[in-house]
Amino acid sequence: MRRLRRRAHLVLFCPFAKGLQGRLPSLRVKCALLVWLGIFAGSWLAYVHYTSYSELCRGHVCQAVICEQYRKGIISGSICQDLCELGKVEWRTCLSVAPGRQVYSGLWQDKEVTIKCGIKEALDGQAQSDAAPRRERALFDKPTRGTSMKEFRDMTLSFLKATLGDLPSLPALVGQVLLMADFNKDSRVSLAEAKSVWALLQRHEFLLLLSLQGKEHAARLLGHCGDLYLTEGAPRGPGPAAALLPPALQRWLGPAWPWRAKIAVGLLEFVEELFHGAYGTFYMCETTLANVGYTATYDFKMADLQHVAPEAAVRRFLQGRRCAQSADCTYGRDCRAPCDRLLRQCKGDLIQPNLAKVCALLRDFLLPGAPADLREELGRQLRACSTLSGLASQVEAHHALVLRQLKALLWARISHTKYS
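Residues numbered from 1 in each chain as written. Predicted model: local features only at pLDDT ≥ 70, side-chain atom pairs only at ≥ 80, totals over all residues. Heavy atoms only, no water.

Looking only at helices and strands, one finds 16 helices and 13 strands in the chain. Here the chain holds 420 residues, and the buried ones make up 44% of them. The long-range fraction of contacts in the chain, counting pairs at least 24 apart against all pairs at least 6 apart in sequence, stands at 61%. (Helix = DSSP H or I, 4+ residues; strand = E, 2+ residues; numbered from the N terminus. Buried < 20%, exposed > 50% of the residue type's maximum accessible area, 1.4 Å probe, protein only. Contact = heavy atoms within 4.5 Å.)

Tallied over the entire structure, the rule returns 8 disulfides. Between the sulfur atoms of Cys323 and its disulfide partner Cys339 the distance amounts to 2.1 Å. Looking along the S-S bond of the Cys323-Cys339 disulfide, the torsion reads about 90°, which is the right-handed sense. Of the two residues, Cys323 is situated in the loop between helix 13 (311-318) and strand 10 (330-331) and Cys339 in strand 12 (residues 339-340); the sequence distance between them amounts to 16 residues. Accessibility assignment for this pair places Cys323 and Cys339 in one class, buried. (Disulfide = S-S within 2.5 Å.)

Turning to the nonpolar core, a few remarks are in order. In this structure, Met284, Leu355, Leu362, Leu366, Leu378 and Leu410 are the most contacted members of the largest nonpolar core, which totals 69 residues. Counting residues per element, this core draws most heavily on helix 12 (residues 257-274), at 11 residues. The residues touching Leu378, leaving out its near neighbours within four places in the chain, are Trp257, Leu366, Leu367, Ala370, Leu406, Leu409 and Leu410. Counting residues in hydrophobic clusters, the runner-up holds 27 residues, among them Ile66, Ile74, Ile79 and Val113. (Core = buried A, V, L, I, M, F, W, Y, C linked by side-chain atoms within 4.5 Å.)

What follows deals with helix 8 (residues 170-181). Taking 1.5 Å of rise per residue, the 12 residues of helix 8 would be expected to cover 16 Å, and the 17 Å separating its terminal C-alpha atoms lies within 8% of that figure. Buried residues along helix 8 sit in contact with helix 7 (149-164), helix 9 (191-201) and helix 10 (204-211). (Expected span 1.5 Å × (residues − 1).)

Further remarks concern the pairing of strand 1 (residues 90-94). Of the pairings in the sheet, the one linking strand 1 to strand 2 (residues 101-108) comprises 3 bridges and is antiparallel in character. In the sheet register, Trp91 faces strand 2, and the bridge partner there is Gly106. Between strand 1 and strand 2, which pair antiparallel and follow one another directly, the connecting turn spans 6 residues. (Pairing = 2+ DSSP bridges.)

Here we take up the pattern of salt bridges. Counting across every chain of the model gives 17 salt bridges. Between Glu68 and Lys72 there is a salt bridge, with its nearest N and O atoms 3.5 Å apart. Given a relative accessible area of 32%, Glu68 falls into the partly exposed group. Of the charged contacts in the structure, one is a salt bridge between Arg101 and Asp304, with a shortest N-O distance of 3.1 Å. On the criterion of sequence distance, the pair formed by Arg101 in strand 2 and Asp304 in the loop between strand 8 (300-302) and strand 9 (308-310) is long-range, its members being 203 residues apart. What emerges from the salt-bridge pattern is a single network uniting Arg101, Lys116, Glu205 and Asp304. (Salt bridge = Lys/Arg side-chain N within 4 Å of Asp/Glu carboxyl O.)

The contact between helix 7 and helix 9 brings their axes to 12 Å, and the two run at 5°. Our classification of the angle between helix 7 and helix 9 gives roughly parallel. Between helix 7, through Phe152, Met155, Thr156 and Phe159, and helix 9, the contact on the second element is made entirely by Ala194, Val197, Trp198 and Leu201. When the residues that make up the contact of helix 7 with helix 9 are grouped by side-chain class, the tally is 7 nonpolar, 1 polar and no charged. (Axes fitted to C-alpha atoms, helices over the stretch in contact; angles between N-to-C directions. Parallel < 35°, antiparallel > 145°, perpendicular 65-115°, else oblique. Nonpolar A, V, L, I, M, F, W, Y, C, P; charged D, E, K, R; others polar.)

Moving on to the sheet that holds strand 2. Reading across from one edge, 1-2-3-5-4 is the order of the 5 strands in this open sheet, with antiparallel pairing throughout. Each having just a single partner strand, strand 1 and strand 4 (221-225) make up the two edges of the open sheet. Taking the axes of each pair of neighbouring strands and ignoring which way they run, one obtains an average angle of 30° across the sheet. Bridging between strand 4 and strand 5 (residues 228-232) involves 4 bridges; their strand directions are antiparallel. Looking at strand 5, one finds that Cys225 is bridged to Leu228. Helix-sheet contacts for helix 10 involve strand 2, strand 3 (111-118), strand 4 and strand 5, and the interaxial angle to strand 5 is about 45°.

All right, on to the environment of His217 then. Secondary-structure assignment places His217 in the loop between helix 10 and strand 4. Along the sequence, His217 and Leu267 sit 50 residues apart, while their C-alpha atoms lie 8.0 Å from each other. Among residues more than four places away in sequence, those in contact with His217 are Gly266, Glu269, Phe270, Glu273, Phe300, Lys301 and Met302. Here the side chain of His217 touches Glu269 through a polar contact of 3.0 Å, side chain to side chain. Of note is the side chain of His217, whose polar atom sits 2.9 Å from the backbone oxygen of Phe300. (Polar contact = N/O pair within 3.5 Å; in protein donor to acceptor, adjacent residues only side chain to side chain.)

As structure tokens, then:
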């Protein structure tokens, strides 16, 4: 009886053993091997997950480095006391996709926030104990002691001109920078305040957020300490993992079609905001579904500005760059310029404008599930829009007309309904 029970257990745990009871010793060995392999594979996956997480998620390092600099008096900022002394900034879920760019969801003053901090300098092969001095040299070295307020203002203006282009609106942006630096409103900018805001300006996304403050579709800046800063909580959306899913599954996991139409209207408005804004033109250089975020009421919010770049920066990167084909003239993922085959140099003007890339994205996002009486016209407009090309300065009126028509088509369908 006991022998039969053991055989029954063997058949239960090793289904392929059914009918092969005569080969029990070898089957036991195979089962033991399978169990061992299963344990090994599970342990290996757990280890890989842990090491990946520990590599990507180093918020504790970021906070330790920032707070050490704050206690030394090297940096300051509007949230330093809450972060380093009172413990009022709560770090929650790790959202980082690269070790040098730490992103966490968090809670501050009863608000959901996103915490962003760069620790690349602290991870470049040095021990953690040496992280703070290296970071001080790398990020908090300017301005130096003895720099006057006028010199700091001129230094900031020169940096913004080099990054955004020589625009008449830049003095107003310099004023915003100085107001942010003077977080305690004492009508003066200390050396620690100046070092902090200068380090922030070196953060690509921070500068773009500052340039787009007041725009409906960019996150609001809430505070900073050194070059760590808080923004509004991360918008909903598919997130970076969505790019790995088939389009059909992405749509199935997403909101209903009328909500998608509302999100698309917001995305088109964001394209308008990027085109000839107060601080110049910006290019979307990675146009993927992962960047399509939205609020609880389905208003579009750009999920990640890391891949939005100022026109001046893109032109500076591309113009005169050596090339053999257009693929060699690519900034980011999809900001591509033509290659002059004769001179073997990239030109500075992009082949495809923001609107064309967004419309190509919206074809997969909007057409499936669209109302039957709208699908044909919507498809026609999106196809025409996604083939736009040429210098934006030469076809500006045409771009504006295409965008306006598409936005009107979508809004007419959802206006005066609960979806608006």
